[in-house]
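Here's the letter readout for the chains.
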Amino acid sequence: NNGGGCGNCLSLEEFSEKFPKIKLKTFVNCKKKFELADVNGDGTVDADELTKILESAGLYFTSSQVKDILSKVDADDDIALDFGEVLQVVSTLEENPNRRADLPKSLKDNQSKVCAVM
């Protein structure tokens, strides 16, 4: 974390261009939930933090399922999700909720509950 600043935040215009299907209300809710999930405040959600936030929503995954989720969603291979990567998952769900092929099987099986978490 860089002391509350945001080194790679998007402006509203950039956000609108990059994620046109995500409503501002959804973005704000995602940001709040992401910040809750990022317990150590480093700007990413690692496997332990992801497990805790999923469990708090009543979703229980094995550690290998959580690693599968991370490996398939983590675009920069740092073994953690940054907010942009979370938005990419949300965008995929928003663009076509019936097309889940790009999501890990663990997320596909629990799509409606995951939307509530993210």
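I will try to describe carefully the structure that is included in this document.

Conventions we followed
- Residues numbered from 1 in each chain as written.
- Predicted model: local features only at pLDDT ≥ 70, side-chain atom pairs only at ≥ 80, totals over all residues.
- Heavy atoms only, no water.
- Salt bridge = Lys/Arg side-chain N within 4 Å of Asp/Glu carboxyl O.
- Helix = DSSP H or I, 4+ residues; strand = E, 2+ residues; numbered from the N terminus.
- Buried < 20%, exposed > 50% of the residue type's maximum accessible area, 1.4 Å probe, protein only.
- Axes fitted to C-alpha atoms, helices over the stretch in contact; angles between N-to-C directions.
- Parallel < 35°, antiparallel > 145°, perpendicular 65-115°, else oblique.
- Left-handed = near helix turned anticlockwise from the far one by under 90°.
- Contact = heavy atoms within 4.5 Å.
- Nonpolar A, V, L, I, M, F, W, Y, C, P; charged D, E, K, R; others polar.
- Lys, Arg positive; Asp, Glu negative; His and termini not counted.

Some thoughts on the pattern of salt bridges
- If you walk through the whole model with that rule in mind, you get 2 salt bridges.
- With a closest N to O distance of 3.9 Å, Glu35 and Lys31 form a salt bridge. Taken together, the residues Glu35 and Lys31, both in helix α2 (residues 24-37) and 4 residues apart, mark about one turn of the helix.
- In this structure Glu35 comes out as partly exposed when scored by relative accessible area, which is 49%.
- Residue Asp68 is joined to Lys72 by a salt bridge in which the shortest nitrogen-to-oxygen separation is 2.8 Å. Of the two residues, Asp68 and Lys72 both sit in helix α4 (residues 63-73), 4 residues apart, roughly one turn of that helix.
- Residue Asp68 is classed as partly exposed on the basis of its relative accessible area of 22%.

Here's the deal with the packing of helix α3 (residues 47-56) against α4
- Direction vectors running N to C along α3 and α4 enclose 115°, while the axes themselves pass 10 Å from each other. Between α3 and α4, the angle is such that the two are roughly perpendicular. In this structure, the crossing between α3 and α4 has a hand that is right-handed. Packed against α3, whose contacting residues are Ala47, Leu50 and Thr51, the element α4 presents Val66, Ile69 and Leu70 at the interface.
- Here the contact of α3 with α4 is composed, by residue class, of 5 nonpolar, 1 polar and no charged.

Remarks on the side chain of Asp38
- Examined against the element boundaries, Asp38 turns out to sit in the loop between α2 and β1 (44-45).
- For Asp38, which is buried and forms no salt bridge, the nearest opposite charge comes from Lys31, at a distance of 7.7 Å.
- Asp38 has contacts with Gly43, Thr44, Val45 and Glu49, leaving out every residue within four places of it along the chain.

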